[in-house]
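One letter stands for each residue in the lines below.
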Amino acid sequence: MRCDTFDEVLLLGGVGEVAAAEWDRLAGGVDPFTSHAFLALLESSGSATARTGWRPRHLLLRRGGRAVAAAPLWLKSHSLGEYVFDQAWAEAWTRAGGRYYPKLQVAVPFTPVTGRRLLAADPADRDALARALAATAAELGVSSLHVTFCTEEEAQLLGATGFLLRRGIQFHWRNRGYRDFADFLDSLRSDKRKTIRKEREAVRRAGVTIEVLEGPAAVPVLDAFFPHYLATVERRWGNAYLTRAFFAGLARDLADRLLVVRASRGGRTLGAALNLIGGDTLYGRLWGALEEVPFLHFECCYYAALEFAIGRGLARVEAGAQGPHKLLRGYEPVWTWSAHWLADPALRAAVAAFLARESRALEEEMAVLRAALPYREGEPIRAEREARIRP
């Protein structure tokens, strides 16, 4: 494929077709999920492949032989593992006689984390990449192209290019310059402080030891994590997207980004929470447990994560999709963004009408959620807390 602006517009069959240094230069080096190593691991481990319905078709733009823009692009045969749900659109289009799959998806598979999706250093190249994505979808004859968990800035750019915009809600914790976990608890209303203390105490009374392991120290736990992940998936969701080889590769290729919270009793691992560190953010990704212990999930995935972030001076903790229960533990509702290009005008019109209704409902939900935040009156906006966050 060629265009007037670039020497080459390439559809790659895997991220391994571009040098890691080239890709990471465009990705920026902060977000672990758009790194060459993470995407390559998803592919090489068999987690995101044509066989699993995630065929790599990454878009790469070159000028003068130099890569200037890229997007992690996949040809999808289903809508699983995306966390922005369009199955109803697919069903409606199928009933109308259309063919929704295959579709194109700009995303990090199985990872509901906001980050850059239009990887380019120059704003003009980013604009051109947005247009090249739409042109690629039209040329391939797919029903649709979806850019999920992009930044708000990218969403607005894509909207100006003709994409429909969609919002969602996640729950993120923001560090207001807390000195320690007790200082964070002090920012909450009395009943919420008591609840968290009781939950943490219940885990201790159950004889559970909690260890927070960073970097290479986390590797031995990760090497044995797959059965815990599989058991939890089978109990709760039923779709194990990631393979044993993925976790082995994570320990090998991204050990410097790892943070694992291990829960054990009598030397036996009960469960573990897998996190990755990127820039000023701790990303909670996966929880796996072979044994259910009351409040253990909250301790490992939320409280230990917040304690680590406070101690390290990180600005945020993001704990993934779902979770109104996170609200009562200090996680605030925030908007997430996606952008959607649909080839057929009738399908586009129907989806646009749906998104308008959904957006109004989400505005109301956001207001209710913000009103339910557990902070004491005047929190969490105290300037003296903000001033403590490390640069």
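Quick note: structure is the one above.
Since the structure is predicted, the reported quantities are computational estimates derived from the model, not experimental observations.

(A) Seen up close, the side chain of S187. Looking at the element boundaries, S187 is found in the loop between α6 (181-186) and α7 (190-205). Within the local environment of S187, its side chain forms a polar contact with the backbone oxygen of F184, the two atoms lying 2.6 Å apart.

(B) Just the sheet that holds strand β14 (residues 332-342), in detail. Ordered by their spatial adjacency, eleven strands build an open sheet running β2-β5-β6-β7-β14-β8-β13-β12-β11-β10-β9, and the pairing between neighbours is mixed. Of all the strands in the sheet, the pair left with one neighbour each is β2 (54-56) and β9 (209-214). Taking the axes of each pair of neighbouring strands and ignoring which way they run, one obtains an average angle of 30° across the sheet. Bridge count for β2 against strand β5 (residues 73-76) is three bridges, and the pairing is antiparallel. Within β5, the position partnered with P56 by the bridge is W74.

(C) Here's a closer look at the pairing of strand β3 (residues 59-63). Summarising burial for β3: four of the five residues are buried, a large majority. As defined by bridge partners, strand β1 (residues 8-11) adjoins β3 across four bridges and the pair is classed as antiparallel. Counted as the bridge partner of V9 is L61 from β3. Where β3 meets strand β4 (residues 66-71), five bridges bridge the pair, whose relative direction is antiparallel. Residue pairing across strands places R62 opposite A67, the latter belonging to β4. Hairpin remark: β3 followed by β4, antiparallel, with two residues in the connecting loop; positive phi at G64, about 60°.

(D) Expanded view of the packing of α7 against helix α11 (residues 296-312). Two numbers describe how α7 lies on α11: the axes approach to 10 Å, and their chain directions differ by 115°. Judged by the inter-axis angle, α7 sits roughly perpendicular to α11. Here α7 runs over α11; the crossing is left-handed. On α11, the residues touching I196, E199, R200 and V203 of α7 are L296, F298, E299, Y303, A304 and E307. Its residues placed into classes, the contact of α7 with α11 shows six nonpolar, no polar and four charged.

(E) The packing of aromatic side chains, seen in detail. Counted according to the given criterion, the structure contains 20 aromatic pairs. Their ring planes at 90° and their centres at 5.3 Å tell us that F33 and F38 sit as a pair that is edge-to-face. On the accessibility criterion, F33 (1% relative accessible area) is buried. Taken together, a centroid distance of 6.1 Å and an interplanar angle of 50° make the contact between F226 and F247 tilted. Taken together, the residues span a long stretch of sequence, with F226 in helix α9 (residues 226-236) and F247 in helix α10 (residues 244-253) at a distance of 21 residues. Classification of F247 as buried rests on a relative accessible area of 1%. Pairwise contacts between aromatic rings join F33, F38, F225, F226, Y229, F246, F247 and Y283 into one cluster.

Rules used throughout
Residues numbered from 1 in each chain as written. Predicted model: local features only at pLDDT ≥ 70, side-chain atom pairs only at ≥ 80, totals over all residues. Heavy atoms only, no water. Helix = DSSP H or I, 4+ residues; strand = E, 2+ residues; numbered from the N terminus. Polar contact = N/O pair within 3.5 Å; in protein donor to acceptor, adjacent residues only side chain to side chain. Pairing = 2+ DSSP bridges. Axes fitted to C-alpha atoms, helices over the stretch in contact; angles between N-to-C directions. Buried < 20%, exposed > 50% of the residue type's maximum accessible area, 1.4 Å probe, protein only. Parallel < 35°, antiparallel > 145°, perpendicular 65-115°, else oblique. Left-handed = near helix turned anticlockwise from the far one by under 90°. Contact = heavy atoms within 4.5 Å. Nonpolar A, V, L, I, M, F, W, Y, C, P; charged D, E, K, R; others polar. Phe/Tyr/Trp six-rings, centres within 6.5 Å; stacked < 30°, edge-to-face > 60°.

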